[in-house]
Amino acid sequence: MDKMTLEPHYADDCVFCKILKGDIPSYTVYEDNIVKAFLDISQGTPGHTLVIPKTHVKDIFAYDSDLAAAVFSRIPKIARAVQASNPAITGMNIVNNNGKVAYQSVFHSHFHLVPRYTDDDDFQMIFKDNSGNYSSADYAAIQAKISAQLEG
């Protein structure tokens, strides 16, 4: 693992910062100098785990490349541990919500590792197929707008 250490910065009104400071208890499954992983209190499915950076970062838009590399590189290890904890786990959704409209409810960046057991384990994500609403020109216009933001 890398030698990066985060300079802790906490937000007073953030429940995850309170967990990091030990003010609120959690069921920690993994912790190092970069992240803390703990059971989501809601347990969408058994083993539902949250992975958070150990400093306050509002959402994915606030990450720099070093923080992203450090946090993201730990997710597969934690996901494998969750999966290995129960032989009934046959898949996993890894979800990151950014902004209220995207269902972010705690504004400290976090990744949900949601174990999947069966097709009817009471968890679902629905991606509507809107492809009939787009022409080749529509796709090209969206592509150009995004690509232009990445240049430079």
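First, a word on what this report is: a plain description of the structure on this page. Everything numeric here is computed off the predicted structure, so don't read it as measured data.

### Things to note about the overall build of the protein
Stage number 1. When helices and strands are tallied, the protein shows four helices and five strands.
Stage number 2. Taken from the N to the C terminus, the helices and strands of the protein come in the order α-β-β-β-α-α-β-β-α.
Stage number 3. In terms of its C-alpha atoms, the protein occupies a principal-axis envelope of roughly 50 × 40 × 30 Å.
Stage number 4. Within the protein, the fraction of its 152 residues that count as buried is 37%.
Stage number 5. The long-range fraction of contacts in the protein, counting pairs at least 24 apart against all pairs at least 6 apart in sequence, stands at 57%.
Stage number 6. The positive charge centre, built from 13 side chains, and the negative charge centre, built from 18, are 3 Å apart in the protein.

### Considerations on the pattern of salt bridges
Stage number 1. Within the structure shown, the criterion is met by five salt bridges.
Stage number 2. For aspartate 23, the salt bridge is made with lysine 21, and the minimal N-O distance between the two is 3.9 Å.
Stage number 3. Owing to a relative accessible area of 53%, aspartate 23 belongs among the exposed residues under this scheme.
Stage number 4. Aspartate 121 is paired through a salt bridge with arginine 116; the nearest N and O atoms lie 2.9 Å apart.

### Brief notes about the packing of aromatic side chains
Stage number 1. In total, this model carries four aromatic pairs according to the counting rule given.
Stage number 2. Centre to centre, the rings of tyrosine 134 and tyrosine 139 are 5.5 Å apart; their planes meet at 35°, and the pair counts as tilted.
Stage number 3. With a relative accessible area of 39%, tyrosine 134 lands in the partly exposed category.
Stage number 4. Under the relative-accessibility criterion, tyrosine 139 is labelled partly exposed at 44%.
Stage number 5. In this structure an aromatic cluster arises from ring pairing among Tyr63, Phe72 and Phe111.

Scoring rules and cut-offs
- Residues numbered from 1 in each chain as written.
- Predicted model: local features only at pLDDT ≥ 70, side-chain atom pairs only at ≥ 80, totals over all residues.
- Heavy atoms only, no water.
- Helix = DSSP H or I, 4+ residues; strand = E, 2+ residues; numbered from the N terminus.
- Buried < 20%, exposed > 50% of the residue type's maximum accessible area, 1.4 Å probe, protein only.
- Contact = heavy atoms within 4.5 Å.
- Lys, Arg positive; Asp, Glu negative; His and termini not counted.
- Charge placed at Lys NZ, Arg CZ, Asp CG, Glu CD.
- Salt bridge = Lys/Arg side-chain N within 4 Å of Asp/Glu carboxyl O.
- Phe/Tyr/Trp six-rings, centres within 6.5 Å; stacked < 30°, edge-to-face > 60°.

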